Amino acid sequence: MNFQQLRSVREAARRNFNLTDVATALFTSQPGVSRQIRELEDELGVVIFERNGKRLTGLTAPGKGILKIVERLLVEAENLAQASQEYSAHDSGTLTIAVTHTQARYALPQVVQSFRNAFPNVRIALQQSAPEHIAEYVLSGRADIGIATEGLSTFPDLVSFPCYRWSHVVVAPDGHPLLGKTPLRLEDLAEHPLITYDVGYTGRSHIDDAFSKAGLAPDMVLTAMDSDVIKQYVSLGMGVGIIASMAFDHGRDKGLRAIESSHLFAPNVTRLAVRRGAYLRAYAYHFIERFAPGVTRSDIERSLQADEAVAI
């Protein structure tokens, strides 16, 4: 039994049993993946995967139990490497953070700057992506920490913590008729073409829910992942923007005005997530405490220990 066999099993389950995708993820060939899986099944004397010809189609009943053990073994192997680095070079290394663009652009800079002052020998790698990919990065060990508003709390193999609450704000060009609407109503907003985030990004679900509950069908003329892109098209007169309040700067965003709209849309909570059972370096705890001031190292350790007890 070897770790490459275990990784082949884990990736096959993660990538919907597509051996081509597994081979790409593991930087090997499809026949090599098939061989690794077969060799492990032969050694264990158990069929892990259901098959249709040469294609994997699912996990057998014993395979589902074996997969859980495989995942724990691989997590502990990764933890062993992290622990050895902690003791040999406790104040150096790389902290990889999977994060949405909005969080990276507006919420992280001061925290990252403070962190770098405390740990000048630690390199920070920001992986910007969609929330569902952020969860995947953390689950696979490609990121130490995930930060997003949407979805992180829905993954059972992640431990997530609330960091801060924020609301949306409506953005319009100077002189726009909506600037005279106080307080702003959803009905007023729905009369204009709207520009906001793609589905699944930056609290978009709360925007859609608000209009749906009011029986309104707004004209979403343009959507984007990036707040700056949204503001650029608003400034061109293409529509009214709905963005995260943190993304509007009265001094920098010349020619645009923000309209209070926290009463229109449900508040959002940015969450930070780590993988269950992961070994976190001391500097990772330091970063988490800076980004989520209400969360302490003891809180995180207590949560992880409780999760391990349940898993056992």
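Residues numbered from 1 in each chain as written. Predicted model: local features only at pLDDT ≥ 70, side-chain atom pairs only at ≥ 80, totals over all residues. Heavy atoms only, no water.

S.K.: How should I be thinking about the pattern of salt bridges in this particular structure?
M.R.: Opposite charge on two side chains permits pairing when their charged atoms draw close. Evaluation of the coordinates by the stated rule reveals 15 salt bridges. For Arg38, the salt bridge identified is with Glu41, shortest N-O distance 3.9 Å. A residue pair is termed a helical-turn pair when its members lie 3 or 4 positions apart in one helix, as Arg38 and Glu41 do in helix H3 (residues 30-44) at three residues. Residue classification places Arg38 among the partly exposed positions, given a relative accessible area of 43%. By relative accessible area, Glu41 is classed as buried at 5%. Taking the shortest distance from any N to any O, the salt bridge between Arg302 and Asp299 comes out at 2.7 Å. Of the two residues, Arg302 and Asp299 are both situated in helix H12 (residues 297-311); the distance of three residues between them amounts to about one turn of the helix. Judged by its relative accessible area of 48%, Arg302 falls in the partly exposed class. Classification of Asp299 as partly exposed rests on a relative accessible area of 24%. What you see here is one network of salt bridges that share partners, running through Arg105, Asp228, Lys231, Asp249, Arg252 and Asp253. (Salt bridge = Lys/Arg side-chain N within 4 Å of Asp/Glu carboxyl O. Helix = DSSP H or I, 4+ residues; strand = E, 2+ residues; numbered from the N terminus. Buried < 20%, exposed > 50% of the residue type's maximum accessible area, 1.4 Å probe, protein only.)

S.K.: Explain the packing of aromatic side chains to me, please; I cannot follow it from the model alone.
M.R.: Aromatic ring pairs are defined here through the distance separating the ring centres and the angle between the ring planes. Throughout the structure, instances matching the rule amount to eight aromatic pairs. Relative to Phe287, the ring of Phe115 has its centre 5.9 Å away and its plane inclined at 80°; by these criteria the two rings are edge-to-face. Linking Phe115 in helix H6 (residues 109-118) with Phe287 in helix H11 (residues 282-291), this pair joins segments that are 172 residues apart in sequence. Each member of the pair Phe115 and Phe287 is classed as buried. Connected via pairs of aromatic rings, a cluster forms that spans Phe115, Phe119, Tyr164, Tyr283, Phe287 and Phe291. (Phe/Tyr/Trp six-rings, centres within 6.5 Å; stacked < 30°, edge-to-face > 60°.)

S.K.: So what exactly am I meant to see when it comes to the nonpolar core here?
M.R.: Soluble globular proteins tend to bury their nonpolar side chains together. Counting 30 residues, the largest nonpolar core has Leu95, Ile145, Ile147, Leu272, Phe287 and Phe291 as the members making the most contacts within it. Element by element, the count of residues in this core is highest for H11, at six residues. Ala12, Ala23, Ile48 and Leu59 belong to the second largest nonpolar core, which has 19 residues in total. (Core = buried A, V, L, I, M, F, W, Y, C linked by side-chain atoms within 4.5 Å.)

S.K.: Just to check I follow, could you spell out the pairing of strand S7 (residues 168-173) for this structure?
M.R.: The side chains of a regular strand alternate, residue by residue, between the two faces of the sheet. Along S7, six of the six residues are buried, which leaves the element largely enclosed by surrounding structure. Every second residue of S7 is oriented toward a common face, with His168, Val170 and Ala172 on one face and Val169, Val171 and Pro173 on the other, all of them buried.

S.K.: Any chance you could explain the sheet that holds strand S6 (residues 158-166) here in plain terms?
M.R.: One open sheet accounts for five strands, arranged S4-S3-S5-S12-S6; its pairing is mixed. Two strands bound the open sheet, and with one partner strand each, they are strand S4 (122-128) and S6. With direction set aside, neighbouring strand axes in the sheet form an average angle of 20°. In this structure, strand S3 (residues 93-99) lies alongside strand S5 (residues 145-148), joined through three bridges in parallel fashion. By the bridge assignment, Ala98 is partnered in S5 with Gly146. Packing of H11 onto the sheet brings it into contact with S3, S4, S5, S6 and strand S12 (268-275), and relative to S3 it is tilted by some 40°. (Pairing = 2+ DSSP bridges. Axes fitted to C-alpha atoms, helices over the stretch in contact; angles between N-to-C directions. Contact = heavy atoms within 4.5 Å.)

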